[in-house]
Amino acid sequence: MIRNERDLRHEQALDIAEKMLVAARTAPKGKGVDIIECAVVDGEDAERLAQEMEAIAEESGMKFFIRDAGNVRAAQCTLLVGTREKAQGLNCGHCGFATCASRSEGVPCAVNSVDVGIAVGSACSKASDYRVDTRVLFSGGLAAQRLELLGEGVRQVYAIPVSISSKSPFFDRK
């Protein structure tokens, strides 16, 4: 039996993305409280994500959403990482308010934000272990958030398209 590498790319990208999910899940969390949500999208769901990115570009005038939608389409799959809101009660002031109780509604807990960043970094580090190409996309995360792909109330979402190809589609971007 001959198994050509080109025929295995999609399957392998999904396998690596699943390992990236594990890395995101096991990343350290503030106070040990796990409120991270993560998933992998491909196929029709990835296309729906790309279309939402284009809709945001149309509404906002931010043309880089169109470029990034192309990156989602060029990838075999896309990892999504976000957080549920939960003030950690540290009264650290990192969110700009003196106490958690004085924080305005809608202002994210800074510890939650750091947790998302660490999870994204851990996921990308795992991708690097396998030498697959990735790029962290705010644009894809915002579109995923609007579509509630990680569930209702999940915020601060980032998208990480995963590509196995001879040249990274995320490098020479216009």
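Anyway, here's the lowdown on the structure attached to this text. Being a predicted model, the structure only gives us computed values, none of them experimental. The residue count restarts for each chain, going from 1 along the sequence in the order it is written. Totals for whole chains, interfaces and linings use every residue, but because this is a predicted model, local features are given only for residues with pLDDT of at least 70 and side-chain atom pairs only at 80 or more, for both listing and counting. The basis for the side-chain values is all heavy atoms of the structure; hydrogens and waters are excluded.

**Points about the overall build of the chain**
So the rule is basically this: A run of H or I in DSSP becomes a helix once it reaches four residues, and a run of E becomes a strand once it reaches two; helices and strands are each numbered from the N terminus. Each radius of gyration reported is based on C-alpha atoms, and the globular scaling rule is 2.2 Å times the count of residues to the power 0.38. Shrake-Rupley sampling with a 1.4 Å probe provides the accessible areas, and residues are treated as covered by the protein chains on show and by no other component. We count Lys and Arg on the positive side and Asp and Glu on the negative side, and we leave His and both chain ends out. A charged residue contributes its charge at one atom only: NZ of Lys, CZ of Arg, CG of Asp or CD of Glu.
Scanning the chain from N- to C-terminus turns up 5 helices and 4 strands. Secondary structure of the chain in N-to-C order comes out as α-β-α-α-β-α-β-α-β. In terms of overall size, the chain behaves like a compact globule, its C-alpha atoms giving a radius of gyration of 17 Å where 174 residues would be expected to give roughly 16 Å. Taken along the three principal axes of its C-alpha coordinates, the chain extends 60 × 35 × 25 Å. Here the chain displays about 9200 Å² of accessible surface, and carbon together with sulfur accounts for 51% of that area. On the chain, the mean spot of the 22 positive side-chain charges and the mean spot of the 24 negative ones are 5 Å from each other.

**Notes on the packing of helix α1 (residues 5–26) against helix α4 (residues 110–129)**
Inclusion rule: Lines are fitted to the C-alpha atoms to define the axes, a helix being fitted only along its stretch in contact, and any angle between axes, read from their N-to-C directions, falls within 0 to 180 degrees. For a crossing to be left-handed, the near helix must be turned anticlockwise from the far one by less than a right angle; the clockwise case is right-handed. The contact criterion used is simple: two residues touch if any of their non-hydrogen atoms lie within 4.5 Å. Residues are grouped as follows: Ala, Val, Leu, Ile, Met, Phe, Trp, Tyr, Cys and Pro are nonpolar; Asp, Glu, Lys and Arg are charged; all remaining types, including Gly, are polar.
Where α1 contacts α4, the two axes come as close as 8 Å, and the packing angle between them is 145°. Where α1 crosses over α4, the two elements pack in a sense that is right-handed. For the pair formed by α1 and α4, the contact residues are Ile-16, Lys-19, Met-20, Ala-23 and Ala-24 on the first element and Ala-119, Ser-122, Ala-123, Cys-124, Lys-126 and Ala-127 on the second. Tallied by class, the residues present in the contact of α1 with α4 amount to 8 nonpolar, 1 polar and 2 charged.

**Brief notes about the packing of aromatic side chains**
What counts is decided by this rule: Side-chain rings of Phe, Tyr and Trp, where Trp is taken by its six-membered ring, are said to pair if the distance between their centres is within 6.5 Å; with planes under 30 degrees apart they count as stacked, over 60 as edge-to-face, and otherwise as tilted. Exposure categories follow from relative accessible area, calculated using a 1.4 Å probe and restricted to protein chains: below 20% of the type maximum is buried, above 50% is exposed, and the middle band is partly exposed.
As enumerated under the stated definition, the model contains 2 aromatic pairs in all. Centre to centre, the rings of Phe-64 and Phe-65 are 4.8 Å apart; their planes meet at 45°, and the pair counts as tilted. Given a relative accessible area of 0%, Phe-65 falls into the buried group. Measuring from ring centre to ring centre gives 6.1 Å for Phe-65 and Phe-138, while their planes differ by 75°; the resulting arrangement is edge-to-face. Note that Phe-65 is positioned in helix α3 (residues 64–74) and Phe-138 in helix α5 (residues 138–147), a separation of 73 residues in sequence. Since its relative accessible area comes to 43%, Phe-138 is described here as partly exposed.

**Quick word on the pattern of salt bridges**
The criterion, for reference: Here, a salt bridge means any Lys or Arg side-chain nitrogen found within 4 Å of an Asp or Glu carboxyl oxygen.
Counting across every chain of the model gives 13 salt bridges. With a shortest N-O distance of 2.9 Å, Arg-73 and Glu-47 are connected by a salt bridge. Pair noted here: Arg-73 is in helix α3 and Glu-47 is in helix α2 (residues 43–60), with a separation of 26 residues, a long-range link. According to the relative accessible area criterion, Arg-73 is partly exposed, its value standing at 36%. Judged by relative accessible area, Glu-47 falls into the partly exposed class, the value being 29%. The partner of Lys-126 in a salt bridge is Asp-129, and the shortest N-O contact between them spans 3.2 Å.

**Here's the deal with the pairing of strand β2 (residues 77–84)**
Quick reminder of the rule: Criterion used throughout: strands pair if DSSP finds at least two bridges between them.
Most of β2 is tucked away: 7 of the 8 residues are buried. Sheet topology note: the strand β1 (residues 36–41)/β2 ladder contains 6 bridges and is antiparallel. When the sheet's bridge partners are listed, Ile-36 is paired in β2 with Thr-83.

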